[in-house]
Amino acid sequence: MDALPLFHRVRGERCVLVGGGEVARRKLELLLAAGAAVTIVAPECDDGIEALAGQGRVVLTRRRFRAADLDGAVLAVAATDDPTTNRAVSRAAKTRGIPVNVVDQPELCTVTFPAVIDRNPVCVAVGTGGTAPVLARLLRTRLEALLPARTGELARLAGEFRPRVKAAIGSATGRRQFWEQIFEGEVAELVHSGRPRQARERLEALLANPRAATVGEVYLVGGGPGDPDLLTFRALRLMQQADIVLYDRLISAEVLNLVRRDAERVYVGKKAGHHPVTQDNINQKLVEYARAGQRVLRLKGGDPFIFGRGGEEIEHLAEQGIPFQVVPGITAASGCASYAGIPLTHRDHAQSVRFQAGHRRGDTVEQDWESLAKPGQTLVFYMPINGLRIICEKLIEYGMSAATPAALVENGTRPGQRVLTGTLATLPASVAQANVGAPTLLIVGTVVALRERLAWFEATQAEAGKAT
Ligand SMILES: C[S@@+](CC[C@H](N)C(=O)[O-])C[C@H]1O[C@@H](n2cnc3c(N)ncnc32)[C@H](O)[C@@H]1O
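The structure presented is a predicted model; accordingly, all values stated were derived computationally and were not measured.

Draft legend 1. Up close: the overall build of the protein. In terms of regular secondary structure, the protein is built from 18 helices and 17 strands. Taken along the three principal axes of its C-alpha coordinates, the protein extends 90 × 60 × 45 Å. Counting only residues that meet the buried cut, the protein has 35% of its 468 residues in that class. Counted over contacts in the protein with a minimum sequence separation of 6, partners at least 24 positions apart contribute 63%.

Draft legend 2. The sheet that holds strand S5 (residues 100–102), seen in detail. In spatial order, the strands read S3-S2-S1-S4-S5; together these five strands make up an open sheet with parallel pairing. If you trace the sheet from one side to the other, it starts and ends with strand S3 (59–61) and S5, each paired once. Between one strand axis and the next, the sheet turns through 15° on average, direction left out of account. Pairing of strand S2 (residues 37–41) with S3 involves three bridges; the strand directions are parallel. Pairing of Thr39 across the sheet is with Val59, part of S3. In this fold helix H1 (residues 22–33) packs onto strand S1 (14–18), S2 and strand S4 (75–78), with an angle of close to 170° to the strand it touches most, S1.

Draft legend 3. View of the sheet that holds strand S16 (residues 418–423). The strand order S13-S14-S17-S15-S16 describes an open sheet built from five strands, whose pairing is mixed. A single partner strand is all that each edge strand has here, and the edge strands are strand S13 (352–357) and S16. For this sheet, the mean angle separating the axes of adjacent strands, direction not counted, is 20°. This element, helix H13 (residues 332–340), spans S13, strand S14 (377–382), strand S15 (405–410), S16 and strand S17 (440–444) of the sheet and lies at about 70° to S17.

Draft legend 4. View of the packing of helix H5 (residues 151–168) against helix H6 (residues 172–184). Remark: H5 packs on H6, axes separated minimally by 11 Å, with the N-to-C direction vectors making an angle of 150°. Considering the angle they form, H5 stands roughly antiparallel to H6. As H5 runs across H6, the sense of the crossing is right-handed. Together, Ala158, Val165 and Lys166 of H5 and Arg175, Phe178, Trp179 and Ile182 of H6 make up the contact between the two elements.

Draft legend 5. Spatial organisation of the domain arrangement of the protein. Per the domain assignment, the segments making up the protein are domain 1 (14–113), domain 2 (151–208), domain 3 (217–327) and domain 4 (336–459). On a C-alpha basis, the centroid separation for the pair domain 2 and domain 3 is 27 Å.

Draft legend 6. Local environment of the pairing of S14. Burial analysis of S14 places six of its six residues in the buried class, the great majority of the element. Residues Gln377, Leu379 and Phe381 line one face of S14 and the alternating positions Thr378, Val380 and Tyr382 line the opposite face, and both faces are buried. By the bridge criterion, six bridges tie S13 to S14 in an arrangement that is parallel. Bridge assignment links Val353 to a residue of S14, and that residue is Thr378. Judged from the four bridges that link them, S14 and S17 form a sheet pairing that is antiparallel. Within S17, the position partnered with Val380 by the bridge is Ile443.

Draft legend 7. Spatial organisation of the site of the ligand. In the vicinity of the ligand lie 23 residues, with Gly302, Gly308, Thr331, Ala332 and Gly412 positioned nearest. A per-class count over the shell around the ligand returns 11 nonpolar, nine polar and three charged. Mapped onto the domain boundaries, the shell around the ligand takes at least three residues apiece from domain 3 (217–327) and domain 4 (336–459).

Draft legend 8. Expanded view of unusual backbone geometry. Here the residue pair Asn120 and Pro121 is connected by a cis peptide bond, since its omega of 5° sits within 30 degrees of zero. Looking at where Pro121 falls in the secondary structure, it is placed in the loop between strand S6 (115–119) and strand S7 (122–126). Its identity is not glycine, yet Arg309 carries a phi of approximately 60°, on the positive side. For Arg309, the position within the fold is in the loop between strand S11 (295–300) and helix H12 (310–320). Residues other than glycine seldom take positive phi values, yet Met383 does so here, at roughly 50°.

Draft legend 9. Main features of the environment of Trp456. On the secondary structure map, Trp456 appears in the loop between helix H17 (451–454) and helix H18 (457–467). Owing to 12 C-beta atoms within 10 Å, Trp456 belongs among the exposed residues under this scheme. Along the chain, Trp456 and Tyr339 lie 117 residues apart, while their C-alpha atoms are 7.1 Å from each other.

Draft legend 10. Representation of the environment of Gly308 in the model. Summarising the element assignment, Gly308 is placed in the loop between S11 and H12. A tally of 21 C-beta atoms within 10 Å means that Gly308 is categorised as buried. Put simply, Gly308 and Asp71 are 237 residues apart on the chain and 67 Å apart in space, counted from C-alpha to C-alpha. Beyond its immediate chain neighbours, meaning those up to four positions away, Gly308 contacts Lys300, Gly302 and Asp303.

Draft legend 11. Representation of the pairing of S17 within the structure. Here S17 lies mainly inside the structure; five of its five residues are buried. Where S15 and S17 come together, five bridges link them in antiparallel fashion. Residue Val409 lies in a different strand from S17, and its bridge partner there is Leu441.

Draft legend 12. Highlighting helix H11 (residues 279–291). For H11, spanning 13 residues, the distance from its first C-alpha to its last is 18 Å, which sits close to the expected 18 Å at 1.5 Å a residue. Elements that come into contact with the buried residues of H11 comprise strand S8 (217–222), strand S9 (244–247), S11 and H12. Phi for Gly293, located one or two positions after H11, is positive at around 90°.

Draft legend 13. Representation of H13 within the structure. Most of H13 is tucked away, with eight of its nine residues classed as buried. For H13, the set of buried residues is Ala332, Ala333, Ser334, Gly335, Cys336, Ala337, Tyr339 and Ala340. The first or second residue beyond H13 is Gly341, which carries a positive phi of 70°.

Draft legend 14. The packing of H5 against helix H8 (residues 196–208), seen in detail. Remark: H5 packs on H8, axes separated minimally by 11 Å, with the N-to-C direction vectors making an angle of 20°. Of the possible angle classes, the one that applies to H5 and H8 is roughly parallel. In this structure, H5 crosses over H8, and the sense of that crossing is right-handed. Contacts between H5 and H8 involve Glu153, Leu157, Phe161, Arg164, Val165 and Ala168 from the first element and Pro196, Ala199, Arg200, Leu203 and Leu207 from the second. Partitioned by chemical class, the residues of the contact of H5 with H8 number eight nonpolar, no polar and three charged.

Definitions and limits used
Residues numbered from 1 in each chain as written. Predicted model: local features only at pLDDT ≥ 70, side-chain atom pairs only at ≥ 80, totals over all residues. Helix = DSSP H or I, 4+ residues; strand = E, 2+ residues; numbered from the N terminus. Buried ≥ 20, exposed ≤ 12 C-beta atoms within 10 Å, placed from the backbone. Contact = placed C-beta atoms within 7 Å. Pairing = 2+ DSSP bridges. Axes fitted to C-alpha atoms, helices over the stretch in contact; angles between N-to-C directions. Parallel < 35°, antiparallel > 145°, perpendicular 65-115°, else oblique. Left-handed = near helix turned anticlockwise from the far one by under 90°. Domains from an automatic or database assignment. Near = placed C-beta within 6 Å. Nonpolar A, V, L, I, M, F, W, Y, C, P; charged D, E, K, R; others polar. Expected span 1.5 Å × (residues − 1).

Rendered as structure tokens:
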């Protein structure tokens, strides 16, 4: 380690910032966030700093820096583009034993500003010793994704209970185990999902009886169309803490891979070989596992509330009094359209978009064809493959031009994505010849023509293929 990481309490303390430009303003924001009493020394300042001085939030000394400005300060920061001033600030601070930071000049610093992930009172700081601030910022972005937004609330709750836990649990090992149970279990989840009252009640119950049975819960989570990068932070967090996962056919291997390694995996796809799992059966299993105290992840393709029967599942849970939370996912229409380079709405083409179920019942696909054939909209058909020919014929029959562009997206957002384009008149025949596999999505409308210019995903895939 080239430097010792420390957190510096500056609340109410005099900190001197030399410089009045944009860089100085960024440092000023940090100092004010930490509650410092800031004095700025600069002959001229930008409007933002002037405004803060006008509100009395900083003291402004409008002249060049003098060494005596640092008297009584606990921190000096130089953020000017004048090397002589920067050196003078560094020298004066070092003489007085005051920590000093000079922006972009590590050799003049005794302290550097890290990139900060602020979940007050939890604070993560990433430093590179002034060598690569941009790298520190990139790392911060990644860490931001790992730390749930309410981590600070969890720390505050723990802080409040700490003396009582210390009094109640004699051994240090016992206390460590207790807190691990809190931070990795139900209490943490209740805080993260915005239920502080229940979190507190649960913590009280566990403190009274550390072996109190855990209450099971069901997480109904949208796993998106396939690319694991499209998962939400919350989906990923719940996937990492579930005890058991019930997943569908549409869940890609890459997404399933992100579920906690030792969670039990139960496949409940509608095509489960010789033992198809019925919806009633799934509903029953969810209740059963949750009643046994398990954290049950119900992982569904796309968004659970779009052609996913998620509503039925949670209706059943609500009837049975099982706690649940629902996490939206990127639905196939959004995922496939984005990755195919087909904007679903566009000022010159479509002012609305409609999501339809395209499956065939016998010889027909039941739809309100008259309203679907109207211009100015994009139509997205889920489960279109068996009814494709009928859908295209009906749209033409009800007045849509046979030349209307249409695309069938196969395996959207996944490495094997394929997009077949044509018109309402030609697409069914080209699809019939192309040996298409599930899942597929049909997009109809003049927006499809934009793909010619906007397709991007296949190119990145080809590039990735060359690189491996
Ligand atoms: C039962 S629906 C579930 C939809 C899902 N809940 C959603 O929001 O995307 C299944 C249909 O979604 C579409 N679908 C889902 N993932 C897809 C993908 N990666 N590529 C193409 N179509 C997909 C297909 O039309 C598939 O038949």
